[in-house]
Amino acid sequence: MQQTYHTSPILYLNTLEHEGKQFIRLWHKPNPFIVNRLKEAPWVKYSKQYKCFVMHHSPQAIEMTHTHFQGLALVNTRYLYRPKRLKPNKLVPVLAGEQRGEPLEKMPDLPVVRLQPMLAAGGKTVISVTFRYSQQVYETLKCSGLATWQGEQKCFAIPEGGQHMQQLAEELDGKGWLWLSPELVVRDVLLLRRLWEQTYVKADNYITCPIDYLEKLYLLNYSMNTIRTYHSLLLRFLNSHKAKGMEQVNAFSEEGINQYHRQMVQGGTYSCSFVNQSINAVKFYYQRVLGRHEVQLRDVERPEKPDRLPTVLSKQEVLKILSATNNLKHKCLLQLLYSGGLRIGEVINLKLTDVKSERNLLLIRGGKGKKDRTTLLSQKLLENLRAYYKAYRPKEWLFEGQSGGQYTVDSTRNVFRACVERAGIKAKVTPHTLRHSFATHLLEQGTDLRYIQTLLGHRSSKTTEIYAHVTTHALDKIVSPLDNL
């Protein structure tokens with residue numbers, strides 16, 4: 001049987017969205033006859049923006065187009081009603097093998113129970129227990145053999161001590177999550193483990209972080225931030241293999257550990273820093289806790305960290321942020337971040353005695369890596385600090401909260417975020433951006449990199465050299481070859 005082919009020209013109708021409205025785009029192979037016929041149709045217009053003929057997306061317009069081209073061309077609507085194919089917002093990795101999900105399942109949100117030190121009658125220190133009203137939490141505390149109602153302060157309280165917080169956590173298990181204020185310095189690793197793992201679902205095969213691991217980190221004087229990071233990474237590693245049990249996990253070969261981290265890299269979900277920290281956390285467990293020093297993990301493919309340049313603000317942008325608040329405390333806080341190149345933790349850890357006004361220096365105690373150093377004390381800042389001290393009268397810390405005690409990291413971030421918004425800065429910046437800007441502006445003023453390294457507290461000069469890549473110093477004197485053409 002002989003197959004027949006259509007010889008008539010074809011006019012394709014396609015969907016077109018413009019300013020939230022639906023239109024139809026008409027497409028065809030080059031054909032003067034089709035063009036002239038479209039020009040004769042009053043419901044069809046030529047769009048200079050899209051460089052094609054368009055018409056309204058309506059049954060009447062489609063029907064008139066069919067009638068207008070009947071016997072002259074085929075009107076094809078196959079693309080008009082084709083379902084839209086949505087693309088995901090991120091790349092989809094194709095892995096060799098099983099793609100692992102998140103090994104730690106989170107519990108549904110529970111009421112947050114806040115613990116803060118408080119002076120009770122007789123000057124005795126107790127731990128206040130406050131929360132947004134929850135009938136279940138209230139009934140639990142009311143029937144507790146530990147918590148007592150404080151009539152004057154209108155809250156519950158428990159005696160100070162890790163064992164009492166442990167008991168309270170057991171009573172509130174499944175009813176509320178404990179949150180400890182920064183004034184409570186916890187050195188009880190059992191309590192820390194409970195607090196850090198309280199949001200995870202504890203299934204039958206759930207593996208908790210070995211207490212020996214946390215004790216070893218603590219005894220070796222690792223910072224609390226590092227201990228918490230290592231805890232979360234080892235917990236993730238252990239629960240990724242919870243079906244095998246701890247005995248098999250402890251007997252893993254280097255290749256088994258390597259395979260776990262290889263899948264993390266291939267998944268593309270985690271940053272290079274996250275993967276490298278996970279390798280270090282797992283290595284510490286096998287070598288320092290299990291004593292398996294033969295597990296060197298030399299063959300672990302550590303992903304190379306990309307050399308990203310820091311975000312730097314111009315001097316005008318810094319001035320806008322510093323001028324965006326009339327609150328004297330907030331102004332001094334932000335000026336300190338910039339004028340001394342301080343980290344956010346270093347600012348809130350400053351004590352009144354760390355301001356060396358007679359030497360125009362700031363003493364930074366226990367900075368990153370537990371290093372002490374001195375940095376610049378601006379004269380303009382010193383004047384503002386004196387006015388701030390007269391107005392606020394802090395007792396111990398240079399910056400204290402409304403109820404006393406050390407200012408928090410979250411409060412500092414909130415102050416900075418609000419000032420950035422009021423200043424109209426569109427770039428994605430954090431309080432640490434002021435530290436980057438401090439170093440870059442010093443370099444542009446001609447300050448030697450070695451002095452900048454000392455002021456920032458960098459152990460290696462290579463860390464400081466990154467600011468040479470973002471400075472505009474002398475770049476304005478270089479002419480692009482395009483401008484000379």
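Being a predicted model, the structure only gives us computed values, none of them experimental.

What counts, and where the lines are drawn
- Residues numbered from 1 in each chain as written.
- Predicted model: local features only at pLDDT ≥ 70, side-chain atom pairs only at ≥ 80, totals over all residues.
- Heavy atoms only, no water.
- Helix = DSSP H or I, 4+ residues; strand = E, 2+ residues; numbered from the N terminus.
- Buried < 20%, exposed > 50% of the residue type's maximum accessible area, 1.4 Å probe, protein only.
- Contact = heavy atoms within 4.5 Å.
- Areas by Shrake-Rupley, 256 points an atom, 1.4 Å probe, with all protein chains shown as cover.
- Lys, Arg positive; Asp, Glu negative; His and termini not counted.
- Charge placed at Lys NZ, Arg CZ, Asp CG, Glu CD.
- Expected span 1.5 Å × (residues − 1).
- Axes fitted to C-alpha atoms, helices over the stretch in contact; angles between N-to-C directions.
- Parallel < 35°, antiparallel > 145°, perpendicular 65-115°, else oblique.
- Nonpolar A, V, L, I, M, F, W, Y, C, P; charged D, E, K, R; others polar.
- 1 Å grid on protein atoms, 1.4 Å probe; cavity = no way out; pocket = protein on both sides within 12 Å on 5 of 7 lines; lining within 4 Å.
- Points joined across faces, edges and corners; volume = space filled by probe spheres on them.
- Core = buried A, V, L, I, M, F, W, Y, C linked by side-chain atoms within 4.5 Å.
- Salt bridge = Lys/Arg side-chain N within 4 Å of Asp/Glu carboxyl O.

This next bit is on the overall build of the protein chain. When helices and strands are tallied, the protein chain shows 18 helices and 13 strands. Considering only C-alpha atoms, the protein chain reaches an extent of 100 × 65 × 60 Å along its principal axes. Each of the 485 residues in the protein chain was classed as buried or not, and the buried ones make up 41%. Counted over contacts in the protein chain with a minimum sequence separation of 6, partners at least 24 positions apart contribute 60%. A total accessible area of about 30,200 Å² is found for the protein chain, and carbon and sulfur atoms account for 51% of it. Each charge class in the protein chain can be summarised by its mean position, and for the 67 positive and 43 negative side chains these summaries are 6 Å apart.

With that settled, the discussion passes to helix 7 (residues 224–240). With 17 residues, helix 7 ought to run about 24 Å at 1.5 Å a step, and its terminal C-alpha atoms sit 24 Å apart, in line with that. Those residues of helix 7 not exposed but buried are Ile227, Tyr230, His231, Leu233, Leu234, Leu235, Arg236, Phe237, Leu238, Asn239 and Ser240. Buried residues along helix 7 sit against helix 5 (189–197), helix 6 (211–219), helix 8 (246–250), helix 9 (254–267) and helix 10 (272–289).

Between helix 7 and helix 9, the least distance of the axes is 12 Å, while the angle of their chain directions is 105°. Here helix 7 is positioned roughly perpendicular relative to helix 9, judged by the angle of their axes. Judged by residue contacts, Arg236, Phe237 and Ser240 of helix 7 engage Ile257, Tyr260 and Met264 from helix 9. In terms of residue class, the contact of helix 7 with helix 9 is made up of 4 nonpolar, 1 polar and 1 charged.

Right, let's talk about empty space enclosed by the protein for a bit. Counted by the stated rule, this structure contains 1 cavity of 30 Å³ or more. Put simply, the largest cavity is a space of about 30 Å³. As for the largest cavity, its lining consists of Arg343, Gly367, Lys368, Lys371, Arg373, Leu456 and Gly457. Here the residues of the lining of the largest cavity sort into 1 nonpolar, 2 polar and 4 charged.

With that settled, the discussion passes to the nonpolar core. Proteins that are soluble and globular tend to have nonpolar side chains buried together. Counting 52 residues, the largest nonpolar core has Leu115, Leu168, Leu178, Tyr213, Phe237 and Tyr286 as its most contacted members. Discounting chain neighbours no more than four positions away, the residues touching Tyr213 are Tyr230, His231, Leu234, Ala281, Phe284, Tyr285 and Val289. The next biggest cluster of nonpolar side chains, apart from the first, holds 43 residues, and it includes Tyr338, Val420, Leu442 and Leu456.

Right, let's get into helix 16 (residues 431–444). With 14 residues, helix 16 extends 21 Å between its outermost C-alpha atoms, agreeing within 8% with the 20 Å of an ideal straight helix rising 1.5 Å per residue. Across the 14 residues that make up helix 16, a large majority, 12, are buried. Among the residues of helix 16, Pro431, Thr433, Leu434, Arg435, His436, Ser437, Phe438, Ala439, Thr440, His441, Leu442 and Leu443 are the ones counted as buried. If you follow the buried residues of helix 16, they end up packed against helix 11 (315–322), helix 12 (328–339), helix 13 (344–348), strand 13 (373–376), helix 15 (409–423) and helix 17 (449–456). Positioned one or two residues after helix 16, Gly446 has a phi angle of 95°, which is positive.

So, about the pattern of salt bridges. For the structure shown, the criterion picks out 9 salt bridges. Glu346 is paired through a salt bridge with Arg343; the nearest N and O atoms lie 2.6 Å apart. An identical accessibility class is assigned to Glu346 and Arg343; each is buried. With a closest N to O distance of 3.0 Å, Asp354 and Arg365 form a salt bridge. On the criterion of sequence distance, the pair formed by Asp354 in the loop between helix 13 and strand 11 (355–356) and Arg365 in the loop between strand 12 (361–364) and strand 13 is long-range, its members being 11 residues apart. Salt bridges sharing common partners tie together Arg343, Glu346 and Arg373.

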